[in-house]
Amino acid sequence: ASQSQPYRTGFHFQPTKNWMNDPNGLMFYKGYYHLFYQWNPYAAVWGNITWGHAVSTDMLNWRILQLALVPDQWYDLYGCWSGSATIIGPDKPVLLYTGWSNVSFSRDNQVQMQAMAVPENSSDPLLEKWRKIEENPILVAPTDINSTKFRDPTEAWIASDGKWRMLIGAKRKNRGLALLYKSSDFVHWEQAKHPLHSVPRTGMWECPDLYPILVAGKNGIETSANGHGVMHVLKVSLDDTKHDYYTVGTYVSDTDSFLPANAALDAGIGLQYDYGKFYASKTFYDSGKGRRILIGWVNESSSSENDIGKGWSSLQGFPRQVWLDGDTKNSLLQWPIEEIESLRRKSVSLSNVPLKAGSLVEVRGVEGTQLDVEVEFDLPRMDLAEALNVDASNVQVTCSNLGASRHGALGPFGLLVLASDDHVEQTALFFYIVASEHGWKALVCSDQSRSSLARDLDKTSYGSYVSISQRETSLRLRVLVDHSIVESFAQGGKVCITSRVYPTKAINNKAHLYLFNNGTASVQVRNLLAWEMASAKID
Ligand code: FRU
C-alpha cells in the first residue's frame, strides 16, 4: 500500500498488477508452498486466463515465478482455467486443469476439456517450468453434459480399489453435479457410473473439493486417507450465488458415494465457509505441519472501472487451517494459520472494560490499517434478549436491517475498524443476541454500509449466527484488517465473514479502532488484544 494505492494489502497475496481469480493447484512440495492462480496478464478485468505461480516457505512471503500455464494449445486457446495439483508419487507432482477453447465440432463452438501438465524438472523444488502432456485433452464432456458446464478438476485420491479418483464440476438441467472419474495411470480416465454427489436446484458446481477430515483434533490428513476416525468434506462453489458451500459426511470408497451427515446441510444448500466474499476456494494437505489449509478468492466490491483505475483486482484470502468442530461433528472450524503471528508488532491489551448502553471507546495504542484484533465479551444478562427467529438463509437480511447503529437490547456490540476520527467512515463487526425457538443465538454481522464515503461500491452487509449453548460464558471475535480487506472469525472460527472496504479518510495511519455497544443492556469486554501488523514480502 502507498498514498496512491491505499487499498493494496500488507499481508495478503496479490500479484503486482491485473486481474486474479481462483487459487489453483495448491500443494506443499520439497519445503515450498505452491500457489497457482487464475490471472490475466493484460488487464485488470477477467480474460486471457493463465496460471500465475508463486512459492513461499511460510504462506506469508511469496515469490512470484514465471507463468506456469498459458493458452498455447488448440484445447486451451481461450484460457487455462481452474484445476488442482496431485502429488502422484515421490517427485511426481501433476497439474490437472480445464482448457477452454472454440472448436468447430461442439454444438456451441465453445468447449471445456480437461488437460494435464507435468514439471520439466521435478527435482527443482520451485517447479518453475511445466509441460503439457501429448495425450491432452485427457477428457471431454460426456454427451449428456453441456460442454460449457464441465470444469475444475479436483486433486485426485486413491480409492479402496487402488485406482485414482477425481471430480469435475458440472450441471444437468439445474442440478449441480460432482462427476466422478477413475484411472489407473492418471492419463486415461473413465467416467464412473454415478456422479459422486449431486443436489437438485443448486445450478453449476464450480471448483468442487473433496477431502478427509479427522473426527477428533485439529490435525489434517492426507487426501487419500479414509477409514475409522475419518469423515469427509465436500465443497462446491455455486455459480448462481457466488458462495462456497460445504457439507460434512462420509465418503464410502467401495460404492463411490458421499452421504452428508445431515441432509438439511447438503452441498450447496447448507453451510458456507464464509458469509461474505470468498469463492472458488481449495484446500490442500500441508505435510510439513500436518494440517489442512484452505485458501479462497476474495474479489472486489468496487466497479470494474475502479479496478481498471487502480490497475488490479482481487486478493487471496489469508490462508486458514480447517478442522472438524467437535461440538457439532457436522461443521468446521477455521482459523488464520499460525504463521501470521510472526507479523504481530506493537500491541495493546485491555481487560474488564464495561461498555454501557450507547458507548464508543477508542482502543488507543494501536493504529493503522494492518491489525490483528482478538476480543472476548462476557455473555450479558441473557434474559434481556429480544425474541427473534433466525434461520441460516435470512441472517444477511437481518444484519442489514439491524445495522450497527440500531439500539437493540443485547446488541449490536462489537468493533469498529478502519474508522475515521470523526466516525463517518467505519466498518462494524458486531454481535446481536436474540432468543429464538431453538435457544439463544448470536447474530454475527459485518456492516459495510458506512465503510466509505465513496459511492459506486457494493456495501451490502453480511451475516450469520452462532448458537449459544448453556456451557458458553463468552462471545469471541477475531478480526484481521489489511487496508481493504476485513476477515472476521467468530467463536473460535465457527462463523467466518470476509468483506472488502475502501475508506477514503480512514487510510494509512488515519484509521482507528473502537469498541462499541449500541444495545440498551451493558456488556463487558473480558479481554481485548490488538496488534499492529508488519507487512509480508511479495517479490
Ligand atoms: C470460478 C471459475 C471456474 C473457472 C475459472 C475461470 O471462479 O469460473 O469455474 O474454471 O473461474 O477463470
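Residues numbered from 1 in each chain as written. Predicted model: local features only at pLDDT ≥ 70, side-chain atom pairs only at ≥ 80, totals over all residues. Heavy atoms only, no water.

Draft legend 1. Looking closely at the site of the ligand. The ligand sits among N21, D22, Q38, W46, W81, S82, R151, D152, E206, Y279 and W297. Here an oxygen atom of the ligand and a backbone polar atom of S82 are 3.2 Å apart. Here an oxygen atom of the ligand sits 3.0 Å away from a polar atom, N or O, in the side chain of E206. If the ligand stood free it would expose 320 Å²; the protein chains cover 93% of that surface. Looking at the shell around the ligand, the elements with two or more residues in it are strand 1 (18–29) and strand 5 (79–87). The class makeup of the residues in the shell around the ligand is 4 nonpolar, 3 polar and 4 charged. (Near = heavy atom within 4 Å. Polar contact = N/O pair within 3.5 Å; in protein donor to acceptor, adjacent residues only side chain to side chain. Areas by Shrake-Rupley, 256 points an atom, 1.4 Å probe, with all protein chains shown as cover. Helix = DSSP H or I, 4+ residues; strand = E, 2+ residues; numbered from the N terminus. Nonpolar A, V, L, I, M, F, W, Y, C, P; charged D, E, K, R; others polar.)

Draft legend 2. Layout of the domain arrangement of the chain. As assigned here, the chain comprises domain 1 (22–336) and domain 2 (344–533). Inter-centroid distance (C-alpha atoms) of domain 1 to domain 2 is 32 Å. Where domain 1 abuts domain 2, roughly 2,100 Å² becomes buried across the two surfaces, and 51% of that area is made up of carbon and sulfur atoms. When the buried surface of domain 1 facing domain 2 is broken down by residue, Y275, S301 and W335 rank first, second and third, together holding 31% of it. Taken together, domain 1 and domain 2 are joined by 14 residue pairs in polar contact (both at pLDDT 80 or more). The biggest single contributor to the side of domain 1 that touches domain 2 is strand 25 (residues 332–336), with 5 residues. (Domains from an automatic or database assignment. Buried area = accessible area lost by both parts, 1.4 Å probe.)

Draft legend 3. Inspection of the pattern of salt bridges at higher detail. The full count for this structure, using the stated rule, is 32 salt bridges. The partner of R165 in a salt bridge is D161, with the nearest N and O atoms 2.9 Å apart. Taking relative accessible area as the criterion, R165 reaches 2% and is therefore assigned buried. Across the pair R291 and D286 runs a salt bridge, and its minimum N-O distance is 2.8 Å. By the burial criterion, R291 is buried, and D286 matches it. (Salt bridge = Lys/Arg side-chain N within 4 Å of Asp/Glu carboxyl O. Buried < 20%, exposed > 50% of the residue type's maximum accessible area, 1.4 Å probe, protein only.)

Draft legend 4. Region of the structure containing the sheet that holds strand 4 (residues 63–64). The mixed open sheet is built from 5 strands, whose spatial order is 4-3-2-1-22. In this open sheet, the two edge strands, each paired with only one partner strand, are strand 4 and strand 22 (312–313). Pairing analysis gives 7 bridges linking strand 1 to strand 2 (residues 32–40), with the strands arranged antiparallel. By the bridge assignment, P23 is partnered in strand 2 with Y37. (Pairing = 2+ DSSP bridges.)

Draft legend 5. Quick peek at the confidence of the model for the chain. Per-residue confidence for the chain averages 95 on the pLDDT scale, and 99% of its residues sit at or above 70. Listed scores for the predicted complex are pTM 0.97 and ipTM 0.99. (pLDDT = per-residue confidence, 0-100.)

Draft legend 6. Representation of the nonpolar core. Membership of the largest hydrophobic core comes to 66 residues, with the highest contact counts inside it found for L415 and I433. Viewed by domain, this core spans two of them, domain 1 (22–336) and domain 2 (344–533), each represented by three or more residues. Residues within four places of I433 in sequence aside, it is in contact with L379, P380, M382, A385, E386, L410, F413, K441, A442, I468 and L475. If you look at the next biggest cluster of nonpolar residues, it comprises 27 residues, including M59, F318, I337 and I340. (Core = buried A, V, L, I, M, F, W, Y, C linked by side-chain atoms within 4.5 Å. Contact = heavy atoms within 4.5 Å.)

Draft legend 7. Focus on the state of the cysteines. All chains considered together, the criterion is met by 1 disulfide. With its sulfur 2.0 Å from that of its partner, C399 forms a disulfide with C445. The disulfide joining C399 to C445 has a torsion of about -75° about its S-S bond and is therefore left-handed. On the criterion of sequence distance, the pair formed by C399 in helix 2 (residues 395–402) and C445 in strand 32 (residues 439–447) is long-range, its members being 46 residues apart. Using a relative accessible area of 1% as the deciding quantity, one classes C399 as buried. (Disulfide = S-S within 2.5 Å.)

Draft legend 8. Spotlight on helix 2. All of the buried residues along helix 2 are V395, T398, C399 and L402. Along helix 2, the residues classed as buried sweep out an arc of 100° about the axis, all on the same side. Elements in contact with the buried residues of helix 2: strand 31 (427–436), strand 32 and strand 33 (462–467). (Arc of directions from axis to C-beta.)

Draft legend 9. Structural detail: the packing of aromatic side chains. Here the structure, examined in full by the defined rule, presents 24 aromatic pairs. Note on F36 and W130: the rings are 5.9 Å apart at their centroids and 80° apart in plane angle, and the pair reads as edge-to-face. One end of the pair, F36, is in strand 2; the other, W130, is in strand 8 (residues 130–132), with 94 residues separating them in the sequence. Overall, the relative accessible area of 10% leaves W130 in the buried class. Here F150 and Y181 contribute two aromatic rings whose centre-to-centre distance is 6.4 Å and whose plane-to-plane angle is 65°, an arrangement assigned as edge-to-face. Of this pair, F150 sits in strand 9 (residues 150–151) while Y181 sits in strand 12 (residues 175–183); the two residues are 31 residues apart in sequence, bridging distant segments of the chain. Here the two residues F150 and Y181 agree in accessibility, since each one is buried. Clustering of aromatic rings is evident, with ring pairs tying together F36, W51, Y97 and W130. A cation over a ring is seen here: K310 above W312, with NZ or CZ 4.4 Å from the ring centre. One residue, R344, lies across the ring of W531, its end atom 3.6 Å from the ring centre. (Phe/Tyr/Trp six-rings, centres within 6.5 Å; stacked < 30°, edge-to-face > 60°. Lys NZ or Arg CZ within 6 Å of the ring centre and 35° of its normal.)

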